[in-house]
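Residue-level listing of the chains:
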Amino acid sequence: MLPTIKWEGEIVSILDQRKLPAKKEWYTCRNYRDVINAVKKMVIRGAPAIGVAAAMGLALGASCIRARSFPDFKSRFSLLAEQMRLARPTAVNLRWAVERMLRLVDRLADQPVAEIQQALRKESEIILAEDIEINKTIGHHGLRIVPEHSTILTHCNAGSLATAGYGTALGVIRAAHEAGKDIQVVADETRPWLQGLRLTTFELMEDNIPVTVIADNAAGTLMRQGKIDLVITGADRIAANGDVANKIGTYQVALLARTHRIPFYVAAPLSTVDPATPDGNAIPVEQRPPEEITRIGRTVIGPPGVNALNPVFDITPSKYVTGIITEAGIIPPPYRKNIRDTIRSNLPRFSS
Ligand code: MRU
């Protein structure tokens, strides 16, 4: 499994996902601005992965701050944190990581600046390592919902590449494969960035997990033909009532799954749950440039000047979600109560 992001001395190296699967190129970040740029430009993407990138970017930024006092350091660090938080709006993991780094700074207010800088670097390494462990635990909990001899449909890429490693939705699939279950995967291609075609198939093929890509529009037909047993997707933000923001197209997959009585599960770490967002209507949905729709690569495929809309996430109401697979177990409906209870009983982990 390729690492998504890593420290190399004083540099953060990010596997450039825009180039996959054709090229394995590393994008070098020498300062926090490079990391923000990498997140905005989709060099790295996927909710947990951009959370890890934010933590590493802030550690990088902090190391360049020359401050004589804690208040001076804190005010400059807070400015970096604010810019990092705004890099992409929908995935709450980004905000979660920024807030975790800010809390650490506050806890170390009586320490010399050099100590705080080192602690931030260490914290970013911990966040990265924890993410892989959390995904393995999600995979373990998800095992029981994967039937033997089943075909699982997934949307976008919620795999190793969307996290620090192993993946969430693909983490469950990996765990099932490792446990010897006879499974195969159907990957929606996921227009317009084609994360399903370029990334999900790439990483599953590297692990010898059988995968077939389909055009997004084919999901309904396969379900009607009885060819899909289970749907598992990732999430960018889960509201307090269980509504799920995920890659555009997830909502229609959930509706199709309900119509065809196919279980629809969401796999995500607790850092994707946002108890401060009451429901899906309050989740900000990122709009990206219309050219991402009207072009493929550099080739213009629409008539010049055509109007295009490009919301890149959608909201799946919680009533269509069979269960949310987290590192704390599978959360069943009713979500408002069960999410609140899960967060309460995992509070130290949730807000360390
Ligand atoms: O625009 P992207 O590629 O960052 O969107 C990614 C997704 O929607 C994923 O499904 C989600 O972040 C979960 S990743 C474990």
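Caption draft 1: Main features of the nonpolar core. Ranked by size, the top nonpolar core spans 49 residues in total, and within it Ile14, Ile44, Phe73, Phe77 and Leu120 carry the most contacts. Among the elements that take part in this core, helix α2 (residues 47-63) stands out by supplying 12 residues, more than any other. Isoleucine 44 has contacts with Thr4, Ile5, Ile14, Gln17, Ala38, Val39, Ala49, Ile50 and Ala53, leaving out every residue within four places of it along the chain. Residues Val253, Val266, Tyr320 and Tyr335 belong to the second largest nonpolar core, which totals 27 residues.

Caption draft 2: Representation of the pairing of strand β6 (residues 211-214) within the structure. As paired elements, strand β5 (residues 183-188) and β6 share four bridges and run parallel to each other. The partner of valine 186 across the bridge, within β6, is threonine 212. Following the backbone out of β5, through helix α7 (residues 195-206) and into the adjacent parallel β6, one traces a crossover that is right-handed.

Caption draft 3: Just the domain arrangement of the protein, in detail. Taken domain by domain, the protein comprises domain 1 (5-133) and domain 2 (137-351). Each of domain 1 and domain 2 was reduced to a C-alpha centroid, and the two centroids are 25 Å apart. Taken together, the contact between domain 1 and domain 2 spans 28 residues of the former and 33 residues of the latter. When the two sides are added together, the surface that domain 1 and domain 2 hide from each other amounts to roughly 2,500 Å², 52% of it contributed by carbon and sulfur. Contact with domain 2 buries surface across domain 1, with Met42, Arg45 and Thr90 losing the most and accounting together for 23% of the total.

Caption draft 4: Local environment of the sheet that holds strand β2 (residues 11-15). The sheet built from three strands is open, its strands ordered β1-β2-β3 with antiparallel pairing. The two strands at the open ends of the sheet, each matched to only one other strand, are β1 (5-8) and β3 (26-29). Sheet twist, expressed as the average angle between the axes of neighbouring strands with direction ignored, equals 30°. When β2 meets β3, the two strands line up antiparallel, connected through four bridges. Bridging from a neighbouring strand, isoleucine 14 pairs with tyrosine 27 of β3. Strands β2 and β3 of the sheet are contacted by helix α1 (residues 32-40), whose axis makes an angle of about 140° with β3.

Caption draft 5: Layout of unusual backbone geometry. Between arginine 191 and the following residue, proline 192, the backbone shows a cis peptide bond with an omega angle of 0°. Tracing the backbone shows proline 192 in the loop between β5 and α7. Even without a glycine there, the phi angle at histidine 149 is positive, about 50°. Of note, histidine 149 is situated in the loop between α5 (113-142) and β4 (150-154). The class of histidine 149 is exposed, set by a relative accessible area of 60%. Look at asparagine 208: it is not a glycine, yet its phi comes out positive at around 55°. Look at asparagine 208 and you get exposed, because its relative accessible area is 62%.

Caption draft 6: Fine view of the site of the ligand. Residues in close proximity to the ligand total 19 residues, the closest being Arg45, Arg88, Asp236, Asn246 and Lys247. The side chain of aspartate 236 places a nitrogen or oxygen atom 2.8 Å from an oxygen atom of the ligand. Protein chains bury 99% of the 420 Å² of accessible surface belonging to the ligand in isolation. Secondary structure elements with two or more residues in the shell around the ligand: α2 and β9 (244-247). For the shell around the ligand, a count of residues per class yields eight nonpolar, seven polar and four charged. Taken together, domain 1 (5-133) and domain 2 (137-351) each give at least three residues to the shell around the ligand, which thus spans both.

Criteria and thresholds
- Residues numbered from 1 in each chain as written.
- Predicted model: local features only at pLDDT ≥ 70, side-chain atom pairs only at ≥ 80, totals over all residues.
- Heavy atoms only, no water.
- Core = buried A, V, L, I, M, F, W, Y, C linked by side-chain atoms within 4.5 Å.
- Buried < 20%, exposed > 50% of the residue type's maximum accessible area, 1.4 Å probe, protein only.
- Helix = DSSP H or I, 4+ residues; strand = E, 2+ residues; numbered from the N terminus.
- Contact = heavy atoms within 4.5 Å.
- Pairing = 2+ DSSP bridges.
- Right-handed = clockwise from strand over helix to strand, strands pointing away.
- Domains from an automatic or database assignment.
- Buried area = accessible area lost by both parts, 1.4 Å probe.
- Axes fitted to C-alpha atoms, helices over the stretch in contact; angles between N-to-C directions.
- Near = heavy atom within 4 Å.
- Polar contact = N/O pair within 3.5 Å; in protein donor to acceptor, adjacent residues only side chain to side chain.
- Areas by Shrake-Rupley, 256 points an atom, 1.4 Å probe, with all protein chains shown as cover.
- Nonpolar A, V, L, I, M, F, W, Y, C, P; charged D, E, K, R; others polar.

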